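# Observations on chain architecture
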Amino acid sequence: MLVLLAAAVFLDFKYDRIYNGLILFGIPAGLFFRFQECQWQGVFHAAVSMFLSFILLYPLFKIGGLGAGDVKLFLMLGSFVAAGRLLWMMAVSFIIGAVFSVGKMVSEENFKERMQYLFFYLSDVLCRKQWRLYGEDLIEDCQRYTSNKIHFALPVLISVMLGLGGLY
C-alpha cells in the first residue's frame, strides 16, 4: 500500500495527475490482501470502505474541492483497510492538507485573497442555493489556478504512514 501511495505522490507531482493504471493495479492488490487476511469478510469490508470513500468524496470532486485522482486514491486505499480506519485516514489527510494549504497561502502571500474568494464562493452558493465548481473563474488564469493547488496525494501518504506507525 505504501509503495502504491508513494508512486501516486510521484505521479501527482511530476504529471499533476494519478494515472488510472496505478489505481487499477492497486484495487485488486488491496482486495487480494484483504482476502488473504480475512477471507470473503475482508473483501466485503473493503467493498464497504470503497463505497464509503466514494459517497463521501464524490461531492467534493463535483464542486472542484478534490481531483478525480484523489477520489480514486481513496477508493484504492479503501480496498486495503476497513471503513473505520479509512475514515481516520481521510480525516488526518484533510487536516494535513489544510496545514499544507495554509502554508502555501502564506508562502504565496495570498492568504487574505484566498479567504475572501472562499467567503464569496460560499456566499454565492448560499444565495443561489446551488453548488458550482470552486475556482471555475480562475481556470482561464493558469498561474492563479495552479498557485492555489496542493498535491493531495502527499497528505494522504503522510496520513497513512502516521496511521500505520500507530499515531492514531
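For the structure, see preceding data.
Right, let's walk through the structure included here. (Residues numbered from 1 in each chain as written. Predicted model: local features only at pLDDT ≥ 70, side-chain atom pairs only at ≥ 80, totals over all residues. Heavy atoms only, no water.)

### Some points on the pattern of salt bridges
Side chains carrying opposite charge are able to pair once their charged atoms draw close together. If you walk through the whole model with that rule in mind, you get two salt bridges. Measuring nitrogen to oxygen at the nearest pair gives 2.8 Å for the salt bridge that ties glutamate 37 to arginine 34. With glutamate 37 and arginine 34 both in helix H2 (residues 20-62) and three residues apart, the pair spans about one turn of that helix. Overall, glutamate 37 belongs to the exposed group, its relative accessible area being 56%. Taking the relative accessible area as the measure of exposure, arginine 34 reaches 8% and is therefore buried. (Salt bridge = Lys/Arg side-chain N within 4 Å of Asp/Glu carboxyl O. Helix = DSSP H or I, 4+ residues; strand = E, 2+ residues; numbered from the N terminus. Buried < 20%, exposed > 50% of the residue type's maximum accessible area, 1.4 Å probe, protein only.)

### Some words on unusual backbone geometry
The phi angle at aspartate 16 is positive, at roughly 65°, despite the residue not being glycine. Tracing the chain through its elements places aspartate 16 in the loop between helix H1 (2-15) and H2. The phi dihedral of glutamine 39 falls on the positive side, at around 60°, and the residue is not glycine. Exposure remark for glutamine 39: the relative accessible area of 44% places this residue in the partly exposed category.

### Description of the nonpolar core
The biggest cluster of nonpolar side chains holds 29 residues, and the ones touching the most others in it are Leu5, Ile18, Leu73, Phe74, Met76, Leu77 and Val156. If you list the elements that add at least two residues to this core, you get H1, H2, helix H3 (68-80), helix H4 (83-108) and helix H7 (153-164). A per-element tally of this core places H3 first, with seven residues. Setting aside anything within four residues of it in sequence, one finds isoleucine 18 in contact with Ala8, Leu11, Asp12, Ile23, Gly69, Asp70, Lys72, Leu73 and Ala153. (Core = buried A, V, L, I, M, F, W, Y, C linked by side-chain atoms within 4.5 Å. Contact = heavy atoms within 4.5 Å.)

### With respect to the side chain of serine 93
Looking at the element boundaries, serine 93 is found in helix H4. According to the relative accessible area criterion, serine 93 is buried, its value standing at 1%. Contact partners of serine 93, with chain neighbours within four places excluded, come to Phe74, Phe152, Pro155, Val156 and Ser159.

### Overview of the packing of H1 against H2
Viewed as axis vectors pointing N to C, H1 and H2 meet at an angle of 170°, and their least axial separation amounts to 11 Å. Accordingly, the angle class assigned to the pair H1 and H2 is roughly antiparallel. Contacts between H1 and H2 involve Leu4, Ala7, Ala8 and Leu11 from the former and Leu22, Phe25 and Gly26 from the latter. (Axes fitted to C-alpha atoms, helices over the stretch in contact; angles between N-to-C directions. Parallel < 35°, antiparallel > 145°, perpendicular 65-115°, else oblique.)

### Some points on the packing of aromatic side chains
Scanning the model with the defined rule gives 10 aromatic pairs in all. With a centroid separation of 6.2 Å and 45° between ring planes, the pair formed by phenylalanine 74 and phenylalanine 152 is classed as tilted. Separated by 78 residues along the polypeptide, phenylalanine 74 in helix H3 and phenylalanine 152 in the loop between helix H6 (142-147) and H7 bring together distant segments of the chain. Overall, the relative accessible area of 6% leaves phenylalanine 152 in the buried class. Aromatic ring contacts, followed pair by pair, group Phe32, Phe33 and Phe80 into a single cluster. (Phe/Tyr/Trp six-rings, centres within 6.5 Å; stacked < 30°, edge-to-face > 60°.)

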